[in-house]
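Spelled out from the first residue to the last, the chains are:
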Amino acid sequence: MNTMAPALAPPAGSALTDRAASLMQRQHLCLTVAGETYAVPIDAVREILEVGRLTPLPLTPDFITGVMNLRGAVVPVIDLQARFFNRISAIGRRSAIVIVEVGRGDQDGPLVVGAMVDAVSEVLEIANEDIDAPPTLGTRIPRDFLAGMAKVRELLIPVLELE
């Protein structure tokens, strides 16, 4: 047992822990939808799959492309291009379904959803201080879908609000 570890950690609520939290970096998965790059926190991503067979559901919005069988669980799949831009995605060679968990802490547990994207590109480390609130004007997608705007390599990358 390492008895030194607790002594090395600053006390909760101290200025040092607050500063460390603000400088903390989180990994984000970059994905492409309709030619635009977006990011999602990697801790919400379960896995990335090739687009396979989807079963369409009647009486669902156009952006829900159907459901898939994920190791015995029925998972709804949302076409992000259809959701953001009202255009159904064309499945390409790099198209993928990103399986994410949303709604942590609900009494029914997290909701597992597939998000169909044009491509997945990279994982970036983004410091919390490099993510600003979404702007009130000038976004290509509705502001409700954005958690913030990340400043990365002189670019602004929208961070999606998965909830």
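Everything below is about the structure printed above this text.
In short, a report on the structure. Just so we're clear, the structure is a prediction, and the values are computed from it rather than from any experiment.

## Concerning the overall build of the protein chain
Right, on to step 1. Counting its regular elements, the protein chain contains three helices and 11 strands.
Right, on to step 2. In the protein chain, the succession of helices and strands from N to C terminus is α-α-β-β-β-β-β-α-β-β-β-β-β-β.
Right, on to step 3. Put simply, the protein chain shows about 10200 Å² of open surface, and 54% of that area lies on carbon and sulfur atoms.

## Here we look at the packing of aromatic side chains
Right, on to step 1. Scanning the entire structure with this criterion turns up three aromatic pairs.
Right, on to step 2. Look at Phe84 and Phe85: their rings are 6.2 Å apart centre to centre, the planes differ by 90°, and that puts the pair in the edge-to-face class.
Right, on to step 3. Classification of Phe84 by relative accessible area gives buried; the value is 9%.
Right, on to step 4. Joined through ring pairs, the aromatic side chains of Tyr38, Phe84, Phe85 and Phe145 make up one cluster.
Right, on to step 5. Sitting over the face of the ring of Phe63, Arg83 holds its NZ or CZ atom 4.4 Å from the ring centroid.

## Structural notes on the pattern of salt bridges
Right, on to step 1. On inspection of all chains with the given rule, the structure shows six salt bridges.
Right, on to step 2. A salt bridge links Asp43 to Arg26; its shortest N-O distance comes to 3.2 Å. In this pair, Asp43 is assigned in the loop between β2 (36-41) and β3 (45-50) and Arg26 in strand β1 (residues 25-33), connecting sequence segments 17 residues apart.
Right, on to step 3. Judged by its relative accessible area of 46%, Asp43 falls in the partly exposed class.
Right, on to step 4. Using a relative accessible area of 29% as the deciding quantity, one classes Arg26 as partly exposed.
Right, on to step 5. Here Lys151 ties to Asp132 by a salt bridge, and the two come within 3.2 Å at their closest N and O atoms. Placement of Lys151 in strand β10 (residues 146-152) and of Asp132 in strand β9 (residues 131-132) is noted, with a sequence separation of 19 residues between them.
Right, on to step 6. Assessed through its relative accessible area of 37%, Asp132 is described here as partly exposed.

## Focus on the nonpolar core
Right, on to step 1. In this structure, Leu31, Val33, Phe84, Val98, Val117, Ile141 and Leu160 are the most contacted members of the largest nonpolar core, which totals 23 residues.
Right, on to step 2. Going through the elements one at a time, β1, β2, α3 (80-85), β6 (96-102), β7 (111-117) and β10 are the ones with two or more residues in this core.
Right, on to step 3. In terms of residue count, β6 provides more of this core than any other element does, four residues in total.
Right, on to step 4. Contacts of Val33, omitting those with residues within four sequence positions, involve Tyr38, Leu80, Gln81, Phe84, Phe85, Val117 and Asp118.

## Comments concerning the side chain of Gln81
Right, on to step 1. Within the secondary structure layout, Gln81 lies in helix α3.
Right, on to step 2. Once you skip the residues sitting within four places of it in the chain, Gln81 turns out to touch Val33, Ala34, Asn86, Arg87, Ile88, Ser89 and Asp118.

Cut-offs used in this document
Residues numbered from 1 in each chain as written. Predicted model: local features only at pLDDT ≥ 70, side-chain atom pairs only at ≥ 80, totals over all residues. Heavy atoms only, no water. Helix = DSSP H or I, 4+ residues; strand = E, 2+ residues; numbered from the N terminus. Areas by Shrake-Rupley, 256 points an atom, 1.4 Å probe, with all protein chains shown as cover. Phe/Tyr/Trp six-rings, centres within 6.5 Å; stacked < 30°, edge-to-face > 60°. Buried < 20%, exposed > 50% of the residue type's maximum accessible area, 1.4 Å probe, protein only. Lys NZ or Arg CZ within 6 Å of the ring centre and 35° of its normal. Salt bridge = Lys/Arg side-chain N within 4 Å of Asp/Glu carboxyl O. Core = buried A, V, L, I, M, F, W, Y, C linked by side-chain atoms within 4.5 Å. Contact = heavy atoms within 4.5 Å.

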